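Here is what each chain is made of, one letter per residue.
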Amino acid sequence: MAPWALLSPGVLVRTGHTVLTWGITLVLFLHDTALRQWEEQGELLPPLTFLLLVLGSLLLYLAVSLMDPGYVNVQPQPQEEAKEEQTAMVPQAIPLRRCRYCLVLPLRARHCRECRRCVRRYDHHCPWMENCVGERNHPLFVAYLALQLVVLLWGLYLAWSGLHFFQPWGLWLRSSGLLFATFLLLSFFSLGASLLLASHLYLVASNTTTWEFISSHRIAYLRQRTSNPFDRGLTRNLAHFFCGWPSGSWETLWAEGEDEEEEGRSQAV
């Protein structure tokens, strides 16, 4: 590997996240927070649990940021396979989408300019992870947000437990200034993680993506529909997102929604 590869945006972002995570954890352990009080009292379970949660959130972050988000295979296929793939998009009403870089786009895929690849069930490109969130890593991304929020809220409580405001201002600033800055940083991150988790849970519950939610008026397969063609109810949406059940292509779901809309229009007439 070339030395300058170590200065790539992905390496810098992931290194920064790792250093920041353990740096904040170290600040919480070095100051007079509830963590130190538990240690002095011989209660090692809460500090160990907190460390394991921090480690788990960091491992989930690295997994989501390093894994394939669902890149569309652009390798040349045998002629027979290419025909089968195109005919799998059975409903003729679905507009054929093409990418200038990756040729035919599957339904719900989008080309990411940062990754320079087309991603299946594209949600968004996350600059904090320097990776796309797509069909393969979106469930892990939601799990990461949930675990990260738990760690942030616990860290927020720990930081607050070490802030004692009865000292003179100058002495307090020298002894607790770094901890107070950590508290403000954790507050900012907690707010951001809460909003992200809430928005993604809503998107998952309705079987849509950030890109589709924001740009539905510009997406051909959504612009011609009055409702979300992929929404199959809360239970089935959650089961499909987290467990891959029931299985089936997006083209099939889109066609089923089209048939249901036509039946509704015919009954109304």
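Computed from a predicted structure; not experimentally measured. (Residues numbered from 1 in each chain as written. Predicted model: local features only at pLDDT ≥ 70, side-chain atom pairs only at ≥ 80, totals over all residues. Heavy atoms only, no water.)

### Some details on the environment of Leu203
Looking at the secondary structure, you find Leu203 in helix H6 (residues 169-205). On the accessibility criterion, Leu203 (5% relative accessible area) is buried. Distance from Leu203 to Asp123, taken between C-alpha atoms, is 9.8 Å for residues 80 residues apart in sequence. (Helix = DSSP H or I, 4+ residues; strand = E, 2+ residues; numbered from the N terminus. Buried < 20%, exposed > 50% of the residue type's maximum accessible area, 1.4 Å probe, protein only.)

### Things to note about the packing of helix H1 (residues 9-30) against helix H3 (residues 45-66)
At their nearest, the axes of H1 and H3 sit 11 Å apart, and the two run at 170 degrees to each other. Comparing their axes, H3 and H1 come out roughly antiparallel. On H3, the residues that touch Val13, Arg14, His17, Thr18, Thr21, Trp22, Thr25, Leu28 and Phe29 of H1 are Pro47, Phe50, Leu51, Val54, Leu55, Leu58, Tyr61, Leu62, Ser65 and Leu66. Among the residues making up the contact of H1 with H3, the classes are represented as 13 nonpolar, 5 polar and 1 charged. (Axes fitted to C-alpha atoms, helices over the stretch in contact; angles between N-to-C directions. Parallel < 35°, antiparallel > 145°, perpendicular 65-115°, else oblique. Contact = heavy atoms within 4.5 Å. Nonpolar A, V, L, I, M, F, W, Y, C, P; charged D, E, K, R; others polar.)

### Considerations on the packing of H3 against helix H5 (residues 138-161)
Their axes nearest at 9 Å, the elements H3 and H5 cross at an angle of 145 degrees. Our pair here, H3 against H5, has a crossing hand that is left-handed. Between H3 and H5, the residues in contact are Pro46, Thr49, Phe50, Leu53, Val54, Gly56, Ser57, Leu60, Tyr61 and Val64 and Leu140, Phe141, Ala143, Tyr144, Leu147, Gln148, Val150, Val151, Trp154, Gly155 and Leu158, respectively. When grouped by side-chain class, the residues that make up the contact of H3 with H5 number 16 nonpolar, 5 polar and no charged. (Left-handed = near helix turned anticlockwise from the far one by under 90°.)

### A few points about the nonpolar core
Judged by nonpolar contacts, the single largest core of 35 residues is most densely connected at Leu28, Leu35, Phe50, Met129 and Leu158. Listing elements by their share of this core, those giving two or more residues are H1, helix H2 (34-40), H3, H5 and H6. In terms of residue count, the dominant contributor to this core is H5 (10 residues). If we skip the residues at most four places from it in the chain, Leu35 touches Leu28, Phe29, Pro47, Phe50 and Leu158. In terms of nonpolar packing, the next biggest core, distinct from the first, is built from 12 residues, Leu107, Cys115, Tyr122 and Trp250 among them. (Core = buried A, V, L, I, M, F, W, Y, C linked by side-chain atoms within 4.5 Å.)

### A few points about the state of the cysteines
By definition, a disulfide links the sulfur atoms of two cysteines through a covalent bond. Inspection of the entire model under this criterion finds 0 disulfides. In this model Cys126 remains outside any disulfide bridge; the closest cysteine sulfur is found in Cys132, 9.6 Å from its own. (Disulfide = S-S within 2.5 Å.)

### Description of a nonpolar patch on the surface
On the surface, a cluster of nonpolar side chains totalling about 390 Å² of accessible area is made up of Trp22, Leu52, Leu55 and Leu59. Per-element accounting of the nonpolar patch gives the leading share, 3 residues, to H3. (Patch = residues over 30% accessible without salt bridge, like charges linked within 9 Å, V, L, I, M, F, W, Y side chains within 5 Å. Areas by Shrake-Rupley, 256 points an atom, 1.4 Å probe, with all protein chains shown as cover. Salt bridge = Lys/Arg side-chain N within 4 Å of Asp/Glu carboxyl O.)

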